[in-house]
Amino acid sequence: MEIEKKFLIQSLKDVPGDISDYKYHDLEQGYLSTEPVVRVRKEDDTYYLTYKGSGMLVREEYNLPLTKESYEHLVKKADGIVIKKRRYLIPLENGLTCELDVFRGKYEGLLLAEVEFSSEEEANAFVPPAWFDTEVTFDSRYHNSNMSKAKIMEA
């Protein structure tokens, strides 16, 4: 199960500390299907095939390893935009981590924070730090699978 909340971030200036001090991953992901969500992802030098069930705050998620060759073959079959972003890992209170996505390409300038939780109760009790802006957990426009369709938002 994936249990996560999403928030917009207005500016990298709002992030505590120096962004270059945080660990990060470069991500590229394409969607073979958006209902259900079937995605291929390159995370640095690691490759995955992911299935995600329906839902906003809570949904099923399964990740399977891929080879580089399989990823490169499948990403060519992706519908719509291949999403590219850098994901910074920013520690939060209570052992939580903010995964701050800094988008490139079509969504250049979009900053989206995701926080994953171990339970729905923990997610519902979460008080976001002051540098988080609008919560978009229940706004389907901010699901990367929908963003790949390139018809939703102006970043």
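This text follows the structure it describes.
Rules of the game
Residues numbered from 1 in each chain as written. Predicted model: local features only at pLDDT ≥ 70, side-chain atom pairs only at ≥ 80, totals over all residues. Heavy atoms only, no water. Core = buried A, V, L, I, M, F, W, Y, C linked by side-chain atoms within 4.5 Å. Buried < 20%, exposed > 50% of the residue type's maximum accessible area, 1.4 Å probe, protein only. Helix = DSSP H or I, 4+ residues; strand = E, 2+ residues; numbered from the N terminus. Contact = heavy atoms within 4.5 Å. 1 Å grid on protein atoms, 1.4 Å probe; cavity = no way out; pocket = protein on both sides within 12 Å on 5 of 7 lines; lining within 4 Å. Points joined across faces, edges and corners; volume = space filled by probe spheres on them. Nonpolar A, V, L, I, M, F, W, Y, C, P; charged D, E, K, R; others polar. Pairing = 2+ DSSP bridges. Axes fitted to C-alpha atoms, helices over the stretch in contact; angles between N-to-C directions. Salt bridge = Lys/Arg side-chain N within 4 Å of Asp/Glu carboxyl O.

Draft legend 1. The arrangement of the nonpolar core in detail. I90, L92, C98, L100, F126, W131 and F132 are the most contacted members of the largest nonpolar core, which has 22 residues in total. Secondary-structure elements contributing two or more residues to this core are β1 (2–8), β7 (79–91), β8 (97–104) and β9 (111–116). Leaving out residues up to four positions away in the same chain, F132 has contacts with F7, L8, I9, L92, C98, A113, V115 and F126. Judged by nonpolar contacts, the second largest core, of 11 residues, contains Y31, L110, V136 and M147.

Draft legend 2. Region of the structure containing the layout of surface pockets. Looking at the largest pocket, its volume works out to about 330 Å³. Around the largest pocket sit 25 residues that line it, and R39, R41, K52, E61 and R87 are the ones nearest its centre. For the lining of the largest pocket, the elements supplying multiple residues, two or more each, are β1, β2 (23–34), β3 (37–43), β4 (46–52), β6 (61–66), β7, β9 and α3 (144–147). The dominant element in the lining of the largest pocket, judged by the number of residues it contributes, is β3, at four residues. Split into classes, the residues belonging to the lining of the largest pocket amount to four nonpolar, seven polar and 14 charged.

Draft legend 3. The pairing of β3, seen in detail. Across seven bridges, the pairing between β2 and β3 is antiparallel. Each residue of the ladder has a partner; that of L27, found in β3, is E43. Two successive antiparallel strands, β2 and β3, enclose a turn made up of two residues. One ladder, built from seven bridges, connects β3 with β4; its direction is antiparallel. Bridging from a neighbouring strand, R41 pairs with Y48 of β4. In sequence, β3 turns back onto β4 through a hairpin of two residues, with D44 there showing a positive phi of about 60°.

Draft legend 4. Quick peek at the sheet that holds strand β5 (residues 58–59). Ordered in space as β5-β1-β9-β8-β7-β2-β3-β4-β6, the nine strands form an open sheet in which the pairing is antiparallel. In this open sheet, the two strands that pair with only one neighbour each are β5 and β6. For β2 and β7, the ladder comprises eight bridges, and the chain directions are antiparallel. Note on β7: the bridge partner recorded for D26 is R86. The sheet strands contacting helix α1 (residues 68–75) are β2, β3, β4, β6 and β7, and the helix crosses β3 at an angle near 130°.

Draft legend 5. Structural detail: the pattern of salt bridges. The full count for this structure, using the stated rule, is 15 salt bridges. In this structure, E4 engages K6 in a salt bridge whose closest nitrogen and oxygen atoms are separated by 4.0 Å. K6 carries the same exposure label as E4, and that label is buried. Among the salt bridges present, the one from R87 reaches E114, with a minimum N-O distance of 3.5 Å. In this pair, R87 is assigned in strand β7 and E114 in strand β9, connecting sequence segments 27 residues apart. Accessibility classification places R87 together with E114 in one group, the buried group. Salt bridges sharing common partners tie together E4, K6, K85, R87, E99, D101 and E114.

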